[in-house]
Amino acid sequence: MQKAIKVVTIGGGSSYTPELMEGFIKRYHEMPISEFWLVDVAEGAEKLGIIFNLCQRMIKKAGLPIKLYQTLDRRDALPGADFVTTQFRVGQLEARAKDEKIPLSHGVLGQETNGAGGLFKALRTIPVVFSIIKDIEELCPNAWLINFTNPAGLITEAVQRHTDFRRFIGVCNVPVGMKMFARELLRCDEHAEVNMDLFGLNHMVFMQDFLVDGDSKMEQLLAEVTRESNQQSASVKNVSDLPFDMDFINGLKLIPCPYLRYYVKEKEMLAIELGEYYKGGTRAEVVQTIEADLFKLYQDPELDIKPKQLEERGGAYYSDAACDVISAIVNDSHTEHYVNICNNGHVKNIPHDWCIEISCTISKEGAKPKANIEYFDERVLGVISSIKSFEIAASKAALTGNYQDLIVAMNLSPLIHSDTSAKTIVNEMLLAHQKHLPQFEKVIAKLSH
């Protein structure tokens, strides 16, 4: 008989949790969860209570013996956990609004996982992830940590580079979205086995092959993507869906993730975001409105399913990304998933210790990159290397709290083009986020005088 499983979700008051709950309910036959703990901070207590009640109704409707708990103290939740999932936002959506607005006020792209915004989200998040890891090592040392918190690649980089904790896998819904996009575009039979060879970094990933029942359909897929009447690409809610130049895509013979637009269409993306900024409608503000509506909906005592409106939030396929990874470990299934792990020398033309997002086989031992992806395509290695230099510097700054380390990290972002504006943005964002940046306390004290 299969062992009962205990899962702890940190950031349990997130609007995404019903998606996760639905995923666990759908997969109960393959991974019977006995305990599901929702953990949050005091500021999220009200939302946590609402989510807890909705999840209770979902469990009741499903008729499953899952025991649900809620707490504001993760140390109460962690003992005996098999899996810990993280999906939190330090400073909540108000912090995201600052991440977007401050760079935009200086004419620089403001986005929550890229550039200045992504840097400051990482600075707030990495020390918290490290403190969670410390608690896991003490209270449930055999647990796997499945991280969905953004910037997922940068957080994975920090964990692999600066800790000895190795039961850590970073997940993202973007690759799953790319896979579903390709599947739909090729009108694949619902029973067909679909695989893809994917490589790169989180939010800078490329599909180099797409296989249906073992046969490559990449040529056909590229023809569909680049047809004049189509000009489609995989999209996500928080990235403007500008079409890529089709000769560029045909020349690459790769399908890029939506975030490449920030680097090859920077002027256009900046113009769109500045327009939204001046109208008072940055993505953070749109999300705040969607969240408020969702939580009103979640309070309906008759609601006992994940509502369709959650798709507007931008977390499509989240439960597929997170739950399927957990199921693969539980069942030692050796199935294909797309996750963030340390390269460990697998890809030959990048450094041994880079953390990458790549097609992997997952079993009870964790994630192993697919054997046939031994090299990153040289044509996109430049942009990947540039972003990785930024990530490595950012992970260092998050831990040292050193001002010069932070200035270096900001200047290494490919989306920052002036050391003067980089310093101005750093100073302003340090002051704006000071409550959530204790490692920079001395730096902020100097800036405040």
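Along each chain, residues carry numbers from 1 onward, in the same order as the chain's sequence is written. With pLDDT at 70 or above as the cut-off, local features in this predicted model cover only qualifying residues; side-chain atom pairs require 80 or more to be listed or tallied, and sums for whole chains, interfaces and linings still use all residues. With hydrogens and water stripped out, all remaining heavy atoms of the structure feed into the side-chain values.

Going by the annotation in an unreviewed UniProt entry, the name recorded for the chain is 6-phospho-beta-glucosidase, with Aeromonas eucrenophila given as the source organism. UniProt positions are given in the numbering used here, feature names are shortened, and annotations may be inferred rather than shown by experiment. Annotation of the chain in UniProt includes, under Sequence similarities (unreviewed entry), the sentence "Belongs to the glycosyl hydrolase 4 family."

Enquirer: Quick one: what's the story with the pattern of salt bridges, residue by residue and with numbers?
Expert: Where charged atoms from two side chains of opposite charge come close, those side chains can pair. Every case where a carboxyl oxygen of Asp or Glu lies within 4 Å of a side-chain nitrogen of Lys or Arg is listed as a salt bridge. One pass over the full model with this rule turns up 24 salt bridges. Of the charged contacts, one joins Lys6 and Glu35 as a salt bridge, the two residues approaching to 4.0 Å between their closest N and O atoms. Here the residue Lys6 occupies a position in strand β1 (residues 5-10), and Glu35 occupies one in strand β2 (residues 33-39), the gap between them amounting to 29 residues. For each residue, the accessible area found with a 1.4 Å probe, counting protein chains only, is set against the maximum for its type, and the residue is called buried under 20%, exposed over 50%, and partly exposed in between. Accessibility expressed as a relative area gives 9% for Lys6, which makes it buried. In the salt-bridge network here, residues are joined through shared partners; they are Glu157, Arg161, Asp353, Lys388 and Glu391. Under the scheme used here, helices are H or I runs from DSSP no shorter than 4 residues and strands are E runs no shorter than 2 residues, and both carry numbers assigned from the N terminus.

Enquirer: Could you give me a rundown of the nonpolar core, with the residues and numbers involved?
Expert: Among the nonpolar cores identified, the biggest contains 99 residues, and Phe24, Phe36, Met207, Phe210 and Leu221 are the most heavily contacted of them. Sort the elements by how many residues they give to this core and helix α2 (residues 45-62) lands first, with eight residues. The residues touching Leu221, leaving out its near neighbours within four places in the chain, are Ala182, Leu185, Leu186, Met207, Phe210 and Ile255. Joining through side-chain atoms within 4.5 Å is the link that ties buried Ala, Val, Leu, Ile, Met, Phe, Trp, Tyr and Cys residues into a set, and such a set is a nonpolar core. Among the nonpolar cores identified, the runner-up in size contains 51 residues, and Ala158, Ala398, Ile416 and Val426 belong to it. Whether two residues touch is decided by their heavy atoms; if any such pair falls within 4.5 Å, the residues are in contact.

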